[in-house]
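What the coordinates show
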Amino acid sequence: MDRGRMEAFSDGVLAVAITLLVLDLHASAAEPESLATQLQRGWPSFAAYAVSFFVIGVVWINHHAVVNLVARVDRRLLFYNLLLLFFVSTIPFTTSTLAEYLYPSHGSSTSVAVLLYGISTEGMAVSFTLMLWHMTRARLTTRPVTRQQATRAVLRFGVGTLLYPVVTVVGLISAPAMLLLYAALTAYYVFEQTPILGERA
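Position labels on residues start from 1 in each chain and follow its written sequence. At least 70 in pLDDT is required for a residue's local features to be given in this predicted model, at least 80 for side-chain atom pairs to be given and counted, and no such filter applies to totals for whole chains, interfaces and linings, which use all residues. Processing note: side-chain calculations cover all non-hydrogen atoms of the structure and skip hydrogens and water entirely.

1. Considerations on the confidence of the model for the chain
The share of residues in the chain with pLDDT of 70 or more is 93%, and the mean pLDDT across the chain is 87. Per-residue confidence from the predictor is reported as pLDDT, a score between 0 and 100. A run of H or I in DSSP counts as a helix once it spans at least four residues, and a run of E counts as a strand once it spans at least two, with each numbered from the N terminus. Here helix α2 (residues 35-41) is the element of the chain with the lowest mean pLDDT, 79, and helix α4 (residues 75-88) is the one with the highest, 96.

2. Looking at the packing of α4 against helix α6 (residues 108-137)
For helices, the fitted axis covers only the stretch in contact; all axes are lines through C-alpha atoms, and the angles between them, taken along N-to-C directions, range from 0 to 180 degrees. With their axes 8 Å apart at the nearest point, α4 and α6 run at an angle of 165° to one another. With respect to each other, α4 and α6 are oriented roughly antiparallel. Pair α4 / α6 crosses with left-handed handedness. In this structure, α4 uses R76, L77, Y80, N81, L83, L84, F87 and V88 to contact α6, whose residues at the interface are I119, S120, G123, M124, S127, F128, L130, M131, W133, H134 and M135. Taken together, the residues of the contact of α4 with α6 sort by class into 13 nonpolar, 5 polar and 1 charged. Angle categories: roughly parallel below 35 degrees, roughly antiparallel above 145, roughly perpendicular from 65 to 115, and oblique for all the rest. Throughout, a crossing is termed right-handed when the near helix is turned clockwise from the far one, and left-handed when it is turned anticlockwise from it by less than a right angle. It only takes one pair of heavy atoms within 4.5 Å for two residues to be counted as in contact. Each residue gets one of three labels, nonpolar for Ala, Val, Leu, Ile, Met, Phe, Trp, Tyr, Cys and Pro, charged for Asp, Glu, Lys and Arg, and polar for the others, Gly among them.

3. Observations concerning the packing of aromatic side chains
Note on ring pairs: Phe, Tyr and Trp rings are taken, using the six-membered ring of Trp, and paired if centres are within 6.5 Å. Classes follow the plane angle, with under 30 degrees stacked, over 60 edge-to-face and the rest tilted. Considering all chains together, one arrives at 8 aromatic pairs under this definition. Residues F53 and F54 carry aromatic rings whose centres are separated by 5.5 Å and whose planes lie at 80° to one another, so their mutual orientation is edge-to-face. For every residue, the accessible area obtained with a 1.4 Å probe (protein chains only) is divided by the maximum for its type, and the residue is called buried under 20%, exposed over 50%, and partly exposed between those limits. In this structure F53 comes out as partly exposed when scored by relative accessible area, which is 31%. Overall, the relative accessible area of 51% leaves F54 in the exposed class. Taken together, a centroid distance of 5.2 Å and an interplanar angle of 85° make the contact between F128 and F157 edge-to-face. Residue F128 is found in helix α6, and its partner F157 is found in helix α7 (residues 147-157); the two are separated by 29 residues along the sequence. There is no split in this pair, since F128 and F157 are both buried. Through successive ring pairs, a cluster of aromatic residues spans F128, F157, Y188 and Y189.

Right under this line is the structure:
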């Protein structure tokens, strides 16, 4: 299959997921509270939205960078890509749930919301890492990659697979602190982490 079809399908899913995030932001003139009070009270939704927006946005950018390294697409890569999109498509739900239960006063429900968000992000990280690992091992890249280059690239790109669970554990103690750490990890992936061929996306 041409890589263009995989990328086009992925772009569509990512576009829908990032758009759905905004549907959980609300403010209404019918409310007795002022707009400023509504915005202040709804800060968990806005904070979770901002983090998740950039999480998905950076996934889109890095997906383009990864696909740019592909010369051909095989069936296994398609399934790894599908797995990535599965977890991306859960982000709107886990984001709204996290925002709803961000306050510790919700007790055990806050922990469940944190775990759901953690599963989404860890799933994306694992899927992405599997994609890059398979691309290099199955020789799907545009130019040959040595095993040493491949290992170094996978380790560098797969940092999230190790750190997202740690961030989730922090979230069980403080959900707002977890959002800050997710923002920091997203900032790490803003920078190019896939220069295994010396090319820029």
